[in-house]
Amino acid sequence: MSSETAEILSAMPAGQRGRIAGFDLPPEQRQRLLEMGLTLGAEFEVIRFAPLGDPIEIKVRGYNLSLRKREAAGIRIIRL
Amino acid sequence: MSSVATSGSTTDQAVRRVAIAGNPNCGKSTIFNALTGLRQKVGNYPGVTVERKEGSFFGSHGEPMNLLDLPGSYSLQTRSPDEAVARDVLLGRLPGIARPDVIIAVVDASNLERNLYLVAQLLELELPVIVVLNMVDMAEKAGVLIDLPALREKLGIPVIPMVATKGVGMIELKQALSQTPLQKPKHRAPFEPLVEEEAQQLANSLPVPLELAFPEALLLLTLHDQALDELASHDGAVIDAARQAQHRIREAGLDPISVLVDARYAWIHSVCHASVSRPGTDDLLSVSDRIDMVFTHRIWGWIVFLAAMGLMFFCIFTVAQYPMDWIKAVINAFAGWVDKQMPESDLQSLLTGGIIGGVGAVVVFLPQILILYFFLGILEDTGYMARAAFIMDRLMSRVGLHGKSFIPLLGSFACAIPGIMATRTIENRKDRLVTILVAPLMSCSARLPVYAIMIAVLIPVASVFAKAGVMLCMYMLGIVAAFLMAWFLKTRIFKGETPMLLLEMPPYRMPSFTSIALRMWERAGLFLRRAGTVILALSILLWALVTYPKPADPQTSKADALAQSFAGRMGHAIEPLIAPLGFDWKIGIGLVGSFAARETFVSTMSIVYNVEEDEDNRTPLRDTMRDEKHADGTPVYTPLVCIGLMVFYVLAMQCISTVAVVRRETNSWRWPLFQLAYMTTLAYVASLIVYQGGHLLGFQ
Ligand SMILES: Nc1nc2c(ncn2[C@@H]2O[C@H](COP(=O)(O)OP(=O)(O)O)[C@@H](O)[C@H]2O)c(=O)[nH]1
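One numbering rule holds for all chains: residues counted from 1, following each sequence as written. All chains are assigned letters beginning with A, and all ligands numbers beginning with 1, in the order in which they are written. Residue-level local features of this predicted model are given only where pLDDT is at least 70; pairs of side-chain atoms are given and counted only at 80 or more, and the full residue set underlies all totals for whole chains, interfaces and linings. No hydrogens and no water enter the side-chain calculation; it runs on all heavy atoms of the structure.

Engineer: Let's hear about the overall build of chain A: which residues, and what values?
Structural biologist: Each helix corresponds to a stretch of at least 4 residues labelled H or I by DSSP, and each strand to a stretch of at least 2 residues labelled E; elements are numbered beginning at the N terminus. In terms of helices and strands, chain A carries two helices and six strands. From first element to last, N terminus to C terminus, chain A shows the α and β order β-β-α-β-β-β-α-β. Throughout, radius of gyration means the C-alpha value; the globule benchmark is 2.2 Å times the number of residues raised to the power 0.38. Taking 2.2 N^0.38 as the reference for a compact globule, 80 residues should give roughly 12 Å; the C-alpha atoms of chain A span a radius of gyration of 11 Å, in line with that estimate. Projected onto the principal axes, the alpha-carbon positions of chain A cover approximately 30 × 25 × 25 Å. Using a 1.4 Å probe on the protein chains alone, a residue whose accessible area is under 20% of its type maximum counts as buried, one over 50% counts as exposed, and one in between counts as partly exposed. When the 80 residues of chain A are sorted by exposure, 60% land in the buried category. For chain A, the proportion of contacts with a sequence separation of at least 24, taken over those separated by at least 6, is 58%. Think of it this way: Lys and Arg go in the positive column, Asp and Glu in the negative one, and His and the chain ends go nowhere. Each charge is placed at NZ for Lys, CZ for Arg, CG for Asp and CD for Glu. Taken together, the 12 basic and 10 acidic charged side chains of chain A have centroids lying 3 Å from each other. Every residue pair with non-hydrogen atoms within 4.5 Å of one another is taken to be in contact.

Here it is in structure tokens:
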């Protein structure tokens, strides 16, 4: 979870796999993301970006979820 | 509190109360419908506009049971009014709604981990829970293997595999529901010892019945600061105790926000580890992924999207025309028949002109509304709706809305009423309200006849393309106005954090036409009841306004009689107000009449100008309007007046049914009245600018 190696989700290319490493988001949003399965250490894969570049679609815990880059920028990840 | 007291007893003579809970889209409604058939009723929960579906069915021994369909939710830690209702019912917090005796927890077998999160919370409620493992067919196709005995063992509750769309598993579900006594769950997710201890302590201090205290305490422990501040369901002492408990948890190096969620997911992981396997599916692209490579492609995605929307509109505006014509014919024939059965009298005119004509004017839109709902049902059930929101979100976010607002706005092109009712899928309250407030700016089909006649007056001999161009401009004006208003409302009136978008992209599925048909039937009923009652009352009022007071001389022409009627007087009364727009009192009568329904403008103007109304041929009315002169001999319908009048109809909220529906959906008079005020102002100012500005620029 050291911030040197952690990158942010929104900067990942499609096809990239990674692991959730932390959040820089207000508590309410953080809790929501946790409950949707984005817990620390959870693995994900970036599936694609919407035609206009935002939102971003990821696969996590076997299902597909899209979220905006704005929030994805607050999710720290480690590439796998 | 009294509801809690009665709900505690699980006497088996009483009718068992069953609640269905689950994530959105896991098949709850399908199961609900399969169990209850048509023995169901749809209403609202008291004080909120969350749909409440209740029904009854018989258990496997023929004993009657009650079934309540809870709104789909991802968690009991709620963010949307829908989720709050699900939580409050399960905690027995809603007055007048007894706490259920047993919960059916529906999970999507092809997406087990995320779906089990809610189940993990339900197991903490100390109520019997039966898990329905739905969509096992989908899971099989996706290559997910589930070891049922292991899953039952790990969860410690009955698990019933099901394919709800085929009725597979219903008998087993009924058998499980008929068990006496029902077993409470044996397991739940274990928490850190410190958290367990704090939760137990907090539970002991809560002034609620014993079996509710622990789940309430868990919810309080995980609420973040701001939510605790806003909490209305507990008093200050409880909230302070919760704060202190959270503080102690933090002191111990744990995060109250995540500690329970992490523990639940860790437990789910161990459950799934023992019972779910996905042999060799890791690198395979699912069918949905492959479809999405086209449907959300940078170029193809737009083509598919535009084609889908185009098809929907084509059907709404052309295919619907046939049943609409039939309905119109039936209504006219019926009015004609009633006319002949009775001597000429006020009653006869009330029945034919007021009631049949007025209600008929609304019923005519039923085919369009049904077609709209049919498409919405298909879009939703196939899973394409989420893709449409995915594609449109970027554009919608520019004005502070999100992708989910797109469909209700689109639906409003047919009629604002179904559009506004479709906003229920928007979780965030502010987003939903803004969408409702701007939806009537989209040109609905009731404006079409008004645009048509005004364009005919404006450019009678122009080509079809020029006419279509003007029409398109009016539609565009409505869209631009809706987006500007949304932006204005979001930045000025509903300030605050832009809510985040979390959009589940479900796998594509074959829609079930019976369930879509059932929903269309339900919506059609709602539309007819809600709009019908108000429209009926207003049609009678409007009929009275144009009929009374009657002229003393029975030979008076219809036009003169109208001029002397209340409506005529109102037209005169508002003339000073609308004169700056270039409208005279006769147009004023049309405006007054349009408050019942916009398309009555044409029929009202036909009466005003004493033209025989002819459905297929609007030429007489068009020519009369073109020839209409002011007292000083100048024409009334100058190009600027025609354009200004259309602009007025684009922007004004002249639809009493919409007002009524907004009142229902927002649960107060505040928003419909605000909407009425802002839209009327907008319409007035815009046509003022067209007329006066046009004059300044030297136009006529
Ligand atoms: N293949 C399959 N589809 C299902 C099953 N159960 C429900 N569906 C479909 O899943 C979609 C969502 O179901 P619905 O009952 O509306 O879900 P709700 O949002 O939880 O009420 C509908 O298109 C159903 O026809 C099932 O067991 N198998």
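Engineer: Tell me what's going on with the sheet that holds strand β6 (residues 129-134) of chain B, and back it up with residues and numbers.
Structural biologist: All names here are of chain B. In space, the seven strands of this open sheet follow the order β2-β3-β4-β1-β5-β6-β8, with mixed pairing throughout. Of all strands in the sheet, those with a lone pairing partner are β2 (40-44) and β8 (159-161), marking the two edges. Shown here is a sheet whose adjacent strand axes are inclined to one another by a mean of 25°, direction ignored. In terms of strand pairing, strand β3 (residues 51-58) meets strand β4 (residues 64-69) through six bridges, oriented antiparallel. Bridge pairing links Ser 56 to Asn 66 in β4. Each of β1 (16-22), β3, β4, β5 (102-108), β6 and β8 touches helix α7 (residues 170-178); the most contacted strand, β6, lies at about 175° to it. The rule for pairing is simple: two strands pair if DSSP sees at least two bridges between them. Axes here refer to lines fitted to C-alpha atoms; in helices the fit is confined to the stretch in contact. Angles between the N-to-C directions go from 0 to 180 degrees.

Engineer: Report on the domain arrangement of chain B, specifying residues and quantitative values.
Structural biologist: Domain delimitation in this document rests on an assignment produced automatically or drawn from a domain database. The domain boundaries assigned to chain B delineate domain 1 (16-177), domain 2 (193-253), domain 3 (294-314 + 369-511) and domain 4 (515-696). Using only C-alpha atoms to locate each centre, domain 2 of chain B and domain 3 of chain B end up separated by 43 Å.

Engineer: Provide a residue-level description of unusual backbone geometry, including the pertinent values.
Structural biologist: Backbone torsion omega between A:Asp54 and A:Pro55 reads -5°, so that peptide bond is classified as cis. Mapped onto the fold, A:Pro55 is located in the loop between β3 (43-49) and β4 (56-60). Of the consecutive residues B:Tyr548 and B:Pro549, the connecting peptide bond is found in the cis state with omega at -15°. With respect to the helices and strands, the residue B:Pro549 is situated in the loop between α24 (513-547) and α25 (558-564). A positive phi is found at B:Met135, a non-glycine position, where the angle reads about 60°. Along the chain, the position of B:Met135 falls in the loop between β6 and α5 (136-141). The residue B:Asn667 is not glycine, and still its phi comes out positive at about 60°. Along the chain, B:Asn667 falls in the loop between α31 (656-666) and α32 (670-696). A residue is classified by how much of its surface remains accessible, and B:Asn667, at 36% relative accessible area, is partly exposed.

Engineer: Tell me about the pattern of salt bridges, and name the residues and values.
Structural biologist: Pairs can form between side chains of opposite charge whenever their charged atoms are close. Residues and elements named next belong to chain A. For this analysis, a salt bridge means a side-chain nitrogen from Lys or Arg found within 4 Å of a carboxyl oxygen belonging to Asp or Glu. Evaluation of the coordinates by the stated rule reveals 30 salt bridges over all chains. A salt bridge links Glu 57 to Arg 48; the nearest nitrogen and oxygen atoms lie 3.1 Å apart. Here Arg 48 falls in the buried class, since its relative accessible area comes to 12%. Ionic pairing is found between Arg 70 and Glu 71, a salt bridge with its closest N-O pair at 3.7 Å.

Engineer: Requested: an account of the packing of helix α8 (residues 193-205) of chain B against helix α11 (residues 236-251) of chain B, with residues and values cited.
Structural biologist: Residues and elements named next belong to chain B. Where α8 meets α11, the axes come as close as 10 Å, and the angle between the chain directions of the two elements is 170°. Considered as vectors, α8 and α11 are oriented roughly antiparallel to each other. The residues of α11 that touch α8, namely those facing Leu 194, Val 195, Glu 198, Gln 201 and Leu 202, are Val 238, Ala 241, Ala 242, Ala 245, Arg 248 and Ile 249. Throughout, the ten residues Ala, Val, Leu, Ile, Met, Phe, Trp, Tyr, Cys and Pro are labelled nonpolar, Asp, Glu, Lys and Arg are labelled charged, and all others, Gly among them, are labelled polar. Its residues assigned to classes, the contact of α8 with α11 comprises eight nonpolar, one polar and two charged. Oblique is the label for any angle not covered by the other classes, which are roughly parallel (under 35 degrees), roughly antiparallel (over 145) and roughly perpendicular (65 to 115).

Engineer: Describe the packing of aromatic side chains, with residues and values.
Structural biologist: Only Phe, Tyr and Trp rings take part, Trp by its six-membered ring, and two of them pair if their centres are within 6.5 Å. Stacked means planes under 30 degrees apart, edge-to-face means over 60, and tilted covers everything else. This structure, assessed with the given rule, holds 17 aromatic pairs over all chains. Taking the centre distance of 5.5 Å and the plane angle of 90° together, the rings of B:Trp543 and B:Tyr548 count as edge-to-face. A residue is classified by how much of its surface remains accessible, and B:Trp543, at 10% relative accessible area, is buried. Relative to B:Phe674, the ring of B:Trp671 has its centre 5.7 Å away and its plane inclined at 85°; by these criteria the two rings are edge-to-face. Here B:Trp671 and its partner B:Phe674 are both found in helix α32, three residues apart, which amounts to about one turn of the helix. Accessibility expressed as a relative area gives 13% for B:Trp671, which makes it buried. Put simply, the rings of B:Phe494, B:Trp671, B:Phe674 and B:Tyr678 touch in pairs and so form one group of aromatic residues. Just above the ring of A:Tyr63 sits the side chain of B:Arg114; from NZ or CZ to the centre is 4.3 Å. Seen from the ring of B:Tyr508, B:Arg387 lies directly overhead, with NZ or CZ sitting 4.1 Å from the centre. The criterion for a charge sitting over a ring is simple: Lys NZ or Arg CZ within 6 Å of the ring centre, and within 35 degrees of the ring normal.

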